[in-house]
Amino acid sequence: MRGSAVTSTDAAAADPTNASVLKEYRFTDFASSTYTRDDGRTLKIRAARFADASGAFGAYTFYLQPEMTKEKIGDQGSSLKPRVLFYRGHVLVDALFSQESAMSGAELRELAGALPRPSGSAANLPSFIQYMPQRGYIANTQKYAMGPAALAALAPPVSADMVDFGASSEVTMGRYNTSSGEATLMLISYPTPQLAADHLRRIESAHQSAQPQTQPQAGVSTIEDAGTFFYRRTGPIIAIATGPASASDEKSLLSMVNWEASVTWNTATDNAQVRDLYMLILNIVVLCAILAGLAIVAGVAFGGIRILMKRWFPNKVFDRPEQMEFISLHLTETAVRGASQTGSDGGRQAPQNPA
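The structure displayed is predicted, hence computed values, not measured ones.

Below, the discussion takes up the packing of aromatic side chains. For the structure shown, the criterion picks out 8 aromatic pairs. Pairing Phe-27 with Phe-50 gives two aromatic rings, centres 6.1 Å apart and planes at 80°, and the pair type is edge-to-face. Of the two residues, Phe-27 is situated in strand S2 (residues 27-36) and Phe-50 in strand S3 (residues 42-50); the sequence distance between them amounts to 23 residues. Residue class for Phe-27 comes out buried when judged on its relative accessible area of 12%.

A separate point is the environment of Tyr-87. In this fold, Tyr-87 is placed in strand S6 (residues 83-88). Among the residues examined, Tyr-87 registers a relative accessible area of 2% and is labelled buried. Along the chain, Tyr-87 and Gly-77 lie 10 residues apart, while their C-alpha atoms are 6.6 Å from each other. What Tyr-87 contacts, discounting residues up to four positions off in sequence, is Ala-56, Phe-57, Tyr-60, Gly-74, Asp-75, Gln-76, Leu-92 and Leu-125.

Okay, the pattern of salt bridges next. Tallied over the full model, the rule gives 9 salt bridges. For the salt bridge of Asp-75 with Arg-117, the shortest nitrogen-to-oxygen distance reads 2.7 Å. Of the two residues, Asp-75 sits in the loop between strand S4 (69-71) and strand S5 (76-80) while Arg-117 sits in the loop between helix H4 (104-114) and strand S8 (143-145), which places them 42 residues apart along the sequence. Given the relative accessible area of 46%, Arg-117 is considered partly exposed. Between Asp-198 and Arg-201 there is a salt bridge whose closest N-O contact spans 2.2 Å.

Before going further, it helps to examine the sheet that holds strand S10 (residues 181-189). Overall, antiparallel pairing links the 5 strands, which are arranged S8-S9-S10-S12-S11 in an open sheet. Each of the sheet's edge strands pairs with one partner strand only, and the pair in question is S8 and strand S11 (228-234). For this sheet, the mean inter-axis angle between neighbouring strands, taken without regard to orientation, is 20°. Pairing between strand S9 (residues 170-178) and S10: 9 bridges, direction antiparallel. The partner of Val-171 across the bridge, within S10, is Ile-188. Running over the sheet, helix H7 (residues 193-209) touches S10, S11 and strand S12 (237-243) and is turned about 160° from S11.

Cut-offs applied
Residues numbered from 1 in each chain as written. Predicted model: local features only at pLDDT ≥ 70, side-chain atom pairs only at ≥ 80, totals over all residues. Heavy atoms only, no water. Phe/Tyr/Trp six-rings, centres within 6.5 Å; stacked < 30°, edge-to-face > 60°. Helix = DSSP H or I, 4+ residues; strand = E, 2+ residues; numbered from the N terminus. Buried < 20%, exposed > 50% of the residue type's maximum accessible area, 1.4 Å probe, protein only. Contact = heavy atoms within 4.5 Å. Salt bridge = Lys/Arg side-chain N within 4 Å of Asp/Glu carboxyl O. Pairing = 2+ DSSP bridges. Axes fitted to C-alpha atoms, helices over the stretch in contact; angles between N-to-C directions.

Rendered as structure tokens:
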């Protein structure tokens with residue numbers, strides 16, 4: 001390391017131009033340092049940490065350029081000549097080599113492996129991005145936005161106020177090649193299907209009332225006129241297709257977006273009390289199972305030994321007559337004898353028939 005590392009919790013220190021975008025991705029802190037080899041080559045590392053993996057993924061897509069080449073570094077990585085961009089977990093790394101070498105990729109993979117990963121749900125990426133179709137997708141064009149500043153930089157077909165990030169919405173966009181031209185697909189995810197339906201009605205109303213010849217008014221929600229415009233809702237996701245492509249191609253692109261409900265039985269939690277209670281119950285169940293197993297084994301062993309001893313050494317180990325003391329009350333014999341005596345007396349004193 002040349003000198004000392006520069007650290008900061010200010011997003012402007014990481015990127016003065018796009019500090020507001022980094023804040024939307026829940027930026028937490030930043031570190032930068034330069035490393036020098038004996039032969040004079042240098043490597044500058046700039047790392048930004050976010051609250052979760054979604055923030056790091058969003059920042060990665062924000063800085064990703066279409067001309068970059070995909071690299072197997074971290075969770076996702078790309079390179080453009082001496083620059084390598086990748087993220088792992090909730091950390092985004094921008095590496096700049098003064099001179100590339102055959103070991104550059106291996107060195108960064110080693111660095112990525114040493115980076116910490118977030119725990120629990122913070123390690124999960126946005127689930128709705130999986131519904132972006134793969135057929136016809138143009139590499140490195142998918143973007144993910146969590147706020148109006150990041151969305152505005154993407155030139156979206158609908159404005160940020162129509163997306164309504166205050167409703168906990170998220171946006172992903174990508175470009176696709178079709179037989180009639182290039183199309184842009186935008187997915188807006190909401191927490192519930194009801195919220196998605198409400199916002200779809202707003203988008204539909206704005207689209208129907210949009211007049212290309214009329215100048216847009218300040219403060220009024222607008223839809224950008226970028227050729228054809230089609231939309232549909234699938235569950236909590238609104239899908240919008242725009243661009244110079246034909247209507248049939250854009251409708252076909254929309255038809256490939258199909259949300260499927262999934263039920264999660266077990267979800268990870270960071271609550272220490274819940275985790276301790278779970279471990280206590282689990283240990284009790286395991287202990288009961290162990291004790292029950294030992295009882296069964298002991299019972300089988302005890303009974304089996306007695307049976308074998310009786311078979312191999314009859315009346316020598318168990319049930320020896322000289323050691324058996326059995327007290328019998330002869331209750332059955334007494335009951336039978338008493339019944340027979342009653343029957344005999346009754347026969348001698350049977351009453352005479354007066355007739």
